[in-house]
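# Survey of secondary and tertiary structure
Spelled out, the chains give:
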Amino acid sequence: MCSMETTPRRILTRCLLRPADVRPQFEGFEIIGTFNPAAIEFGDGVVLLVRVAERPTETREGYLALPYWNWRRGGVAIDWRRLDEVEVVDPRVVRLRPSGHLRLTFISWLLVAFSRDGLSIDRFGEPLLPATRYETFGIEDPRLAKLDDRFYFTYVAVSEHGVATALGSTADFQSFQRHGIIFCPENKDVILFPEKIGGQYVALHRPNPNAHFCPPEIWIARSPDLLHWGGYERLLGSEAGWATIKVGGGTPPVRTGRGWLSLFHGHIEPQRLGDAGQYAAAAMLLDLEDPRRIVGLSPRPVMQSEADFERSGFLRDIVFPTALVGRGDELDVYYGAADTAAGVARYSLDELLATAGA
Ligand code: MAN
């Protein structure tokens, strides 16, 4: 699909976590994914917040099980829908008849995992389960940033009210505070910059409007307090021509001498009906003082599925970067693989910057 000449070398690739490594939270459920991990330096090592997806194991002839969180009672429940009432969009999503509303075939929550070397998990911490009415279909795809000596994480809150993004925080990864929805539906891939710029917090986000005048794009916004956002501006879309369906923010940016470096994902259209299509990642560099300005962009993906655990799983051919951790001249990319596993791949910082033209 794309030439390899500017593809940076992977120095190493490790599968960090697979579904078999984690126990289900809900009785009668199985884990189908431990993926899209937030990651950040913590103490002497790295801490991860991993998205865990589980689904009911029971099957009933002629019915499909759609799990949800009963936020009033505080527990998981299953909606059994007749097969003639649902239309399969892809393995993750079904459309209900006659309303046309979407539902997920699984439910996600977040798991804390600690790693000393950043390349293997030593122990797990607490699970963070859905709780509010905005989280009934699960909480997904967290991203972490350290701001004012506290760790803040954004996460996708999915419910019958839409796909919104919420904010949480912690000082120690043992107790957590929820700050509510910060980007209304439809917004996901909300990514905080790790410092204030010009006196304001900055975030990337990906609105997904219902009226499709264009494919979903990456936007940028500012806030005085992390809760109230404004100053919205479009950042990136069709410039990433290789991403034929859509683009979305990937990793929180890291400061480099050439600008804010971030990997973003792009969705490439499926070859076969019912497939989800391929997800790959490219690099962008944003101006340090004015991150609304793109100062470098890799013309092609820098990361595509290569390893077996990236090529096959719940879905196929997905690498979905969600965090960068600097290691001197090298950079560890944490990512979700095939919507199933969590991986880490190491790159040379200079090679990544070179692909973005810096
Ligand atoms: C998409 C995918 C799924 C996710 C839903 C809701 O279909 O990213 O993994 O569960 O959106 O966010």
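Quantities reported herein were computed from a predicted structural model and do not represent experimental measurements.

### Description of the sheet that holds strand S6 (residues 86-90)
- Read across the sheet, 3 strands follow the order S6-S7-S8 without closing on themselves; strand pairing throughout is antiparallel. The sheet terminates laterally at S6 and strand S8 (102-104), the two strands that pair on one side only. Averaged over all pairs of adjacent strands, the angle between their axes in this sheet comes to 35 degrees, without regard to strand direction.
- Where S6 and strand S7 (residues 93-96) come together, 4 bridges link them in antiparallel fashion. Note on S7: the bridge partner recorded for Val86 is Leu96.

### Some words on the site of the ligand
- As a structural note, the neighbourhood of the ligand is formed by Arg51, Arg92, Val93, Leu104, Phe106, Glu140, Val158, Lys188 and Asp339.
- Between an oxygen atom of the ligand and a side-chain N or O atom of Arg51, the distance comes to 3.1 Å.
- Coverage of the ligand by the protein chains reaches 83% of its 310 Å² of free accessible surface.
- The class makeup of the residues in the shell around the ligand is 4 nonpolar, no polar and 5 charged.

### Section: the packing of aromatic side chains
- Under the criterion given, the structure shown has 16 aromatic pairs.
- Taking the centre distance of 5.0 Å and the plane angle of 70 degrees together, the rings of Phe42 and Phe173 count as edge-to-face. Of the two residues, Phe42 sits in strand S2 (residues 29-42) while Phe173 sits in the loop between strand S13 (162-170) and strand S14 (177-183), which places them 131 residues apart along the sequence.
- Centre to centre, the rings of Trp242 and Phe264 are 6.2 Å apart; their planes meet at 35 degrees, and the pair counts as tilted. Here Trp242, found in the loop between strand S18 (230-236) and strand S19 (246-249), pairs with Phe264, found in strand S21 (residues 259-268); they are 22 residues apart in sequence, far enough to count as distant. Of the two residues, Trp242 and Phe264, both sit in the buried class.

### Quick notes on the state of the cysteines
- Using the criterion set out here, one finds 0 disulfides in the structure.
- No disulfide involves Cys184; its sulfur sits 16 Å from the nearest other cysteine sulfur, which is in Cys214.
- Given the relative accessible area of 49%, Cys184 is considered partly exposed.

### A short note on the nonpolar core
- Ranked by internal contacts, the top residues of the largest apolar core, which has 23 residues, are Leu16, Val22, Leu48, Trp109 and Tyr334.
- Contributing elements (two or more residues each) for this core: strand S1 (12-17), S2, strand S3 (45-56), strand S9 (107-115), strand S24 (319-327) and strand S26 (341-348).
- The contacts of Leu16, once residues within four sequence positions are left out, are Asp21, Leu48, Gly118, Leu119, Ser120, Ile121, Tyr334, Ala342, Gly343 and Val344.

### Digging into the pattern of salt bridges
- Throughout the structure, instances matching the rule amount to 27 salt bridges.
- When the shortest N-O distance is used, the salt bridge between Arg92 and Asp339 registers 3.5 Å. Highlighted residues: Arg92 in the loop between S6 and S7 and Asp339 in the loop between strand S25 (330-337) and S26, separated in sequence by 247 residues. This pair shows no difference in class: Arg92 is buried, exactly as Asp339 is.
- Because the salt bridges share partners, they merge into one network encompassing Asp79, Arg81, Glu85 and Arg103.

### Describing the side chain of Thr165
- Along the chain, Thr165 falls in strand S13.
- If near-sequence neighbours (up to four positions away) are discounted, Thr165 is found in contact with Thr154, Tyr155, Val156, Ile181, Ile182, Phe183, Asn187, Lys188 and Val190.

### Quick notes on the pairing of strand S16 (residues 201-207)
- A large share of S16 lies buried, amounting to 7 of its 7 residues.
- Covered by surrounding structure in S16 are Tyr201, Ala203, His205 and Pro207 together with Val202, Leu204 and Arg206, the residues of both alternating faces.
- Here S16 pairs with strand S17 (residues 218-223) via 5 bridges, running antiparallel. Directly across from Val202, in S17, lies its bridge partner Arg222.

Reading guide: rules and limits
Residues numbered from 1 in each chain as written. Predicted model: local features only at pLDDT ≥ 70, side-chain atom pairs only at ≥ 80, totals over all residues. Heavy atoms only, no water. Pairing = 2+ DSSP bridges. Helix = DSSP H or I, 4+ residues; strand = E, 2+ residues; numbered from the N terminus. Axes fitted to C-alpha atoms, helices over the stretch in contact; angles between N-to-C directions. Near = heavy atom within 4 Å. Polar contact = N/O pair within 3.5 Å; in protein donor to acceptor, adjacent residues only side chain to side chain. Areas by Shrake-Rupley, 256 points an atom, 1.4 Å probe, with all protein chains shown as cover. Nonpolar A, V, L, I, M, F, W, Y, C, P; charged D, E, K, R; others polar. Phe/Tyr/Trp six-rings, centres within 6.5 Å; stacked < 30°, edge-to-face > 60°. Buried < 20%, exposed > 50% of the residue type's maximum accessible area, 1.4 Å probe, protein only. Disulfide = S-S within 2.5 Å. Core = buried A, V, L, I, M, F, W, Y, C linked by side-chain atoms within 4.5 Å. Contact = heavy atoms within 4.5 Å. Salt bridge = Lys/Arg side-chain N within 4 Å of Asp/Glu carboxyl O.

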